[in-house]
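Observations on chain architecture
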Amino acid sequence: MGVVNDQVEHESPDVQGGDANASSADQPSADQPSSDQPSSDQQTAVQSRAQIADARRVVVKIGSSSLTQADGHLSLDALGALVGVLAERRRAGVEVVLVTSGAVAAALLPLGLTSRPRDVATQQAAASVGQGQLIARYTEAFAYHGIRVGQILLTAEDTIRRSRYRNAQRALERLLALGVVPIINENDAVTTDELRFGDNDRLAALVSHLVRADAMVLLTDVDGLYDAPPSRPGARRIAEVRSAADLAGIEVTGRGSAVGTGGMLTKLDSVRMATSSGIPVVLTSAPNVRQALAGEDTGTWFSPFGKRGSARAMWLAHAARAHGVLTLDDGAVRAVEGGKASLLAAGVTAVAGEFGAGEVVELHDGAGRVVARGVVSFGSSELPALLGRTTAELREKFGEGYDRTVVHRDDLVVVRRRPSKV
Ligand SMILES: Nc1ncnc2c1ncn2[C@@H]1O[C@H](COP(=O)(O)OP(=O)(O)O)[C@@H](O)[C@H]1O
Ligand SMILES: N[C@@H](CCC(=O)OP(=O)(O)O)C(=O)O
């Protein structure tokens, strides 16, 4: 076959300035079981909503749609009701991390806007104005219960690059140790379009990973996952999702409410990220937050199945935007799926899309199915000339450096899911 190497032939490409991974303990490695594989512990453990009630550390994410009134402005009643419940949990000794949207919504009134701005520049400006309003309201509401809050604004990079991940982790740990409720939002004013979540759903999953949360609760404007968009007559709530089979036939849209972004699609991405890392999730509407945290039958419960991997692998598998596609021959597909091999040029048969070295691409098999995602070490303009060539040929024809892996195994996650997993 000769298309992939089971041994690391070269230094890992310095795709992210040399600090690409979450932590040494979290180094992504193809030697680790794929996050799609349940550990034997988790296979035998009984997964139930009691995990939420027993959680000592919980991440709660609330969407813009749950924090706004019908006219799109921030709802202080909704915010106050949420804070009341979180304060109860905090007093009961539970460590609570709040991921909150609503910065853009909070700016509508002060900026005289009638709807959520569409262009990135105005969204940035609105988030900058609204974030101050939002955190001020939370600070007041928590202070009423004698609880202090600390604001952390994160970019996607903060959650996937080792040094930044560590930095954010340290701040969060200290805040929690001091009894403070960290309040997190995406740093919308400075995020680049490239590495922007836009929604906070996937950010919440990465934060759950970062703080090693025992559970994640996603609060939105619908009381759970429905088998079709809830506006459709006859759509029914799904109480539990224990495997991918439970999601078969379910229709979700990426269209959110008037103020939200991402809709149910990004929530399911977030759910996959968390559950595949062993973190259970409840998705429900904001007024049900007390019941959700108490482990009562509300919303949709998503059972965890995976084993904690690196945040970077989580991001690569579920949240990163792919800029192109590499098609692999059968031997390369088998080797990549084996989980221990890097991809070499000899195993790539076609390149599609425009991308630079260091960007994320999908790896497809000959039938067009997604096999893996990874950070590519050549740009799309260089790659076609390299395809199908052995390492020795590449070195001879193009010189030292061109014989490097196309996607190093440390920068690659297998994403073909088995049918039984969410
Ligand atoms: N199958 C589904 N089940 C539940 N909600 C769905 C489904 N498909 C689409 N949605 C929509 O997703 C919306 C929530 O997403 P969004 O507006 O982004 O919320 P948030 O602001 O809380 O992040 C709901 O208002 C609902 O209309
Ligand atoms: N960071 C943005 C979040 C945007 C948004 O609408 O997110 P969500 O409601 O979670 O889909 C804000 O605070 O406005």
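On a predicted model such as this, the values are computed, not experimentally measured, just so you know. (Residues numbered from 1 in each chain as written. Chains lettered and ligands numbered in written order. Predicted model: local features only at pLDDT ≥ 70, side-chain atom pairs only at ≥ 80, totals over all residues.)

Turning to the packing of helix α9 (residues 201–210) against helix α12 (residues 311–318), a few remarks are in order. Packing of α9 against α12 brings their axes to within 10 Å, and their N-to-C directions diverge by 160 degrees. Relative to α12, the element α9 is oriented roughly antiparallel. Note on packing geometry: the crossing formed by α9 with α12 is right-handed. Across the interface between the two elements, Arg202, Leu206, His209 and Leu210 from α9 touch Ala311, Met314, Trp315 and His318 from α12. Considered class by class, the residues forming the contact of α9 with α12 number five nonpolar, two polar and one charged. (Axes fitted to C-alpha atoms, helices over the stretch in contact; angles between N-to-C directions. Helix = DSSP H or I, 4+ residues; strand = E, 2+ residues; numbered from the N terminus. Parallel < 35°, antiparallel > 145°, perpendicular 65-115°, else oblique. Left-handed = near helix turned anticlockwise from the far one by under 90°. Contact = placed C-beta atoms within 7 Å. Nonpolar A, V, L, I, M, F, W, Y, C, P; charged D, E, K, R; others polar.)

Further remarks concern the packing of helix α4 (residues 76–91) against helix α6 (residues 120–144). Look at α4 against α6: their axes get within 9 Å of each other, and the N-to-C directions meet at 45 degrees. Classified by the angle their axes make, α4 and α6 are oblique. Helix-helix and strand crossings are classified by hand; for α4 and α6 the assignment is right-handed. Of α6, the residues touching α4 (which contributes Leu76, Leu79, Gly80, Val83 and Ala87) are Arg137, Tyr138, Ala141 and Phe142.

Helix length check: α4, at 16 residues, gives a terminal C-alpha distance of 22 Å against a target of 22 Å (1.5 Å per residue), a fit within 8%. Where α4 is concerned, the buried positions are Ala78, Leu79, Leu82, Val83, Val85 and Leu86. The buried residues of α4 occupy one face: seen down the axis, they fall within an arc of 165 degrees. Seen from the open side of α4, the exposed residues pointing more than 90 degrees away from its buried face are Asp77 and Arg91. Residues of α4 that are buried make contact with β2 (57–62), α3 (64–67), β3 (95–100), α6, β5 (181–186) and α11 (289–293). One or two residues past the end of α4 sits glycine 93, with phi positive at roughly 95 degrees. (Expected span 1.5 Å × (residues − 1). Buried ≥ 20, exposed ≤ 12 C-beta atoms within 10 Å, placed from the backbone. Arc of directions from axis to C-beta.)

This part covers the site of ligand 2. As a matter of local geometry, ligand 2 sits amid 19 residues, with Gly63, Ser64, Ser101, Ala103 and Val104 nearest to it. Contributing elements (two or more residues each) for the shell around ligand 2: α3, α5 (103–111) and β5. Sorting elements by how many residues they give to the shell around ligand 2 places α5 first, with three residues. When its residues are assigned to classes, the shell around ligand 2 shows four nonpolar, eleven polar and four charged. (Near = placed C-beta within 6 Å.)

If you check the backbone angles, arginine 212 has positive phi at about 50 degrees while not being a glycine. Position of arginine 212 among the secondary structure elements: in the loop between α9 and β6 (215–220).

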